[in-house]
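Coordinate inspection notes
Residues per chain, in single letters:
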Amino acid sequence: MASSLTKDSATRGTPGSERTFFGHPRGLATLFMTEMWERFSYYGMRALLPLYLVAPGGLHLDAATATAIYSVYLSLVYLLAMPGGWFGDRVWGPRRTVAVAGAVIMLGHLTLALPSSGTFYAGLGLVAIGSGLLKANISTMVGHLYDGPDDPRRDGGFTVFYMGINLGAFAAPLIIGTIGENVNWHLGFALAALGMALGLAQFLIGSRNLSPRSSVVPKPLSVDEKSSTLRKAAIWAGIAVVFYAIVGFSGSYTLNWILVPLTLLGVIIPTLVLVRIKRDKELDSREQKSMSAYLWFFVAAAVFWMIYDQGGSTLSIFADSSAENSVLGWDFPVSWYQSVNPVLIMALAPVFAWVWLALNRRGKEPSTIVKFASGLVLVGASFFLFLAPLSIAEGGHKAAAMWLVAIYFVQTVGELLVSPVGLSVTTKMAPAKYASQMMGVWFLAVTAGDATTGLLSIAGVDLNKTGVVALEATLAVAAGVAVWMYRKRVKELMGSVN
């Protein structure tokens with residue numbers, strides 16, 4: 001009887017009617033595997049990137065330039081999530097956008113695999129564009145599998161999907177990192193391309209199980225809008241081509257001609273977006289107050305991500321040059337440190353979820369503001385902890401691997417306080433007019449944080465120096481304390497949002 005009902009439901013094409021993947025719609029398996037392989041390719045390449053940039057067998061750049069490139073790349077991925085969501089909403093629809101994104105990412109990794117510095121930067125750009133296109137739209141398709149926001153399986157479905165992200169992120173440094181560091185850098189990047197190819201194939205084969213809504217363009221561009229958009233894009237592209245042609249032919253071109261404008265955009269665009277929303281006269285007084293409170297969370301999140309994302313650049317470069325990367329006499333590749341965070345996330349996320357529920361039942365769950373402030377203090381504490389291995393290295397010794405593992409552990413606990421809470425408060429505090437755009441605004445906090453790191457590196461600041469690390473740690477702790485001290489004022493602005 002049950003199988004008969006399932007067949008009938010499948011024939012009708014009702015999303016969410018087939019319980020074949022941990023009690024969820026079969027389409028979740030497609031999106032789970034697609035995201036897992038995409039994250040496998042992304043985090044594998046990301047683990048190799050700073051090491052390849054400084055390696056004698058790679059581009060052999062100095063640490064500051066490598067950190068700047070890495071930071072600019074990360075800021076671009078999150079900056080491009082907003083136009084990526086726009087393409088899904090206005091041009092191609094989520095399903096087609098994700099398919100195109102997968103192909104672009106795969107092409108980007110293949111370009112990275114070519115042994116040329118020129119093609120390397122082009123490959124980074126392609127991966128950033130593809131990741132931005134994919135990031136916003138694949139999560140939207142997960143939501144399409146369920147019968148609205150009140151479907152009781154919806155939160156569980158996103159939890160399963162989130163596990164796919166972390167499985168891919170955990171496995172990637174172990175496989176791609178090992179091959180890249182120990183065999184050949186470009187073979188490692190080629191493995192990342194293979195991972196994305198598997199994800200794209202999985203998506204195309206399993207797309208029949210997705211909701212029909214995923215193929216719909218929610219708000220397609222009119223003919224006039226298309227013409228205007230193409231005209232503006234052509235004008236800006238033309239200006240860029242002419243400008244860089246002049247710089248190139250004049251013989252004054254350096255990498256900073258690309259890095260500086262991109263890092264500035266990473267700070268300016270988030271600022272302009274927030275100012276535009278805050279000054280919108282169509283928002284009522286309650287929404288205006290919510291946006292005033294949200295600015296606190298946004299700035300705090302930018303400070304958090306500025307330090308947190310250095311786990312893949314500053315800490316990784318330090319480990320490469322100054323850490324004893326071994327356990328009980330067994331050596332391991334530096335890129336393996338990047339697997340510490342995802343495995344800790346998978347282990348600790350259920351614990352945190354249980355703790356919040358238990359405290360909530362007793363009426364003692366910390367408020368959003370307290371969680372945020374605690375996350376900032378913890379990420380600052382992680383860099384105070386970083387001072388110990390830095391001091392050991394300055395004394396001419398190699399720092400033990402467990403120092404770095406401890407830093408990643410503290411940062412992961414901070415992430416579990418800031419990231420899910422930030423996503424939740426963004427959806428709760430979003431003005432009705434900007435409900436679908438605010439998730440992109442949240443990602444801009446990552447852009448702003450990483451762009452700030454990039455600007456510091458371009459300015460020649462050595463982020464592996466004791467004084468700089470101590471200053472960053474102090475900034476994060478001070479920001480956390482400030483948020484906590486003004487918690488009553490922020491709470492008043494938040495209104496009924498907890």
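Preceding block: the structure.
Calculation criteria
Residues numbered from 1 in each chain as written. Predicted model: local features only at pLDDT ≥ 70, side-chain atom pairs only at ≥ 80, totals over all residues. Heavy atoms only, no water. Phe/Tyr/Trp six-rings, centres within 6.5 Å; stacked < 30°, edge-to-face > 60°. Buried < 20%, exposed > 50% of the residue type's maximum accessible area, 1.4 Å probe, protein only. Lys NZ or Arg CZ within 6 Å of the ring centre and 35° of its normal. Axes fitted to C-alpha atoms, helices over the stretch in contact; angles between N-to-C directions. Helix = DSSP H or I, 4+ residues; strand = E, 2+ residues; numbered from the N terminus. Contact = heavy atoms within 4.5 Å. Nonpolar A, V, L, I, M, F, W, Y, C, P; charged D, E, K, R; others polar. Parallel < 35°, antiparallel > 145°, perpendicular 65-115°, else oblique. Left-handed = near helix turned anticlockwise from the far one by under 90°.

**Some thoughts on the packing of aromatic side chains**
Enumeration over the complete set of coordinates arrives at 27 aromatic pairs. With 5.6 Å between their ring centres and 80° between their planes, Phe 120 and Tyr 121 make a pair best called edge-to-face. A relative accessible area of 28% places Tyr 121 in the partly exposed class. Between the aromatic rings of Trp 330 and Phe 332, the centroid separation amounts to 6.3 Å while the plane-to-plane angle is 40°, which identifies the pairing as tilted. Here Phe 332 falls in the buried class, since its relative accessible area comes to 13%. By way of ring pairs, the aromatic residues Tyr 52, Phe 120, Tyr 121, Trp 185 and Phe 189 are connected into one cluster. Of note, Lys 135 hangs over the ring of Phe 443, and the distance from its end group to the ring centre comes to 5.3 Å. In this arrangement the basic side chain of Lys 371 is found over the ring face of Trp 356, its NZ or CZ atom lying 4.2 Å from the centre.

**Examining the packing of helix α9 (residues 223-249) against helix α10 (residues 256-278)**
Relative to each other, α9 and α10 sit at 145°, their axes nearing to 12 Å. Seen from α9, the contacting residues are Phe 243, Tyr 244 and Val 247; seen from α10, they are Trp 257, Ile 258 and Pro 261. The residue inventory of the contact of α9 with α10, partitioned by class, reads six nonpolar, no polar and no charged.

**What to know about the packing of helix α5 (residues 94-112) against helix α8 (residues 185-206)**
Between α5 and α8, whose axes approach to 7 Å, the crossing angle comes to 160°. When the interaxial angle is binned, α5 and α8 end up roughly antiparallel. Considering how the two elements wind past one another, α5 and α8 form a crossing that is left-handed. Contact with α5, carried on its side by Arg 95, Val 98, Ala 99, Gly 102, Ala 103, Ile 105, Met 106, His 109, Leu 110 and Leu 112, involves His 186, Phe 189, Ala 192, Ala 193, Met 196, Ala 197, Leu 200, Phe 203 and Leu 204 of α8 and no other residues of that element. Classifying every residue of the contact of α5 with α8 gives 15 nonpolar, three polar and one charged.

**Some words on unusual backbone geometry**
Phi is positive for His 60, close to 55°, though the residue is something other than glycine. Structurally, His 60 can be placed in the loop between α2 (26-54) and α3 (63-79). Positive phi outside glycine occurs at Leu 328, with the angle close to 55°.

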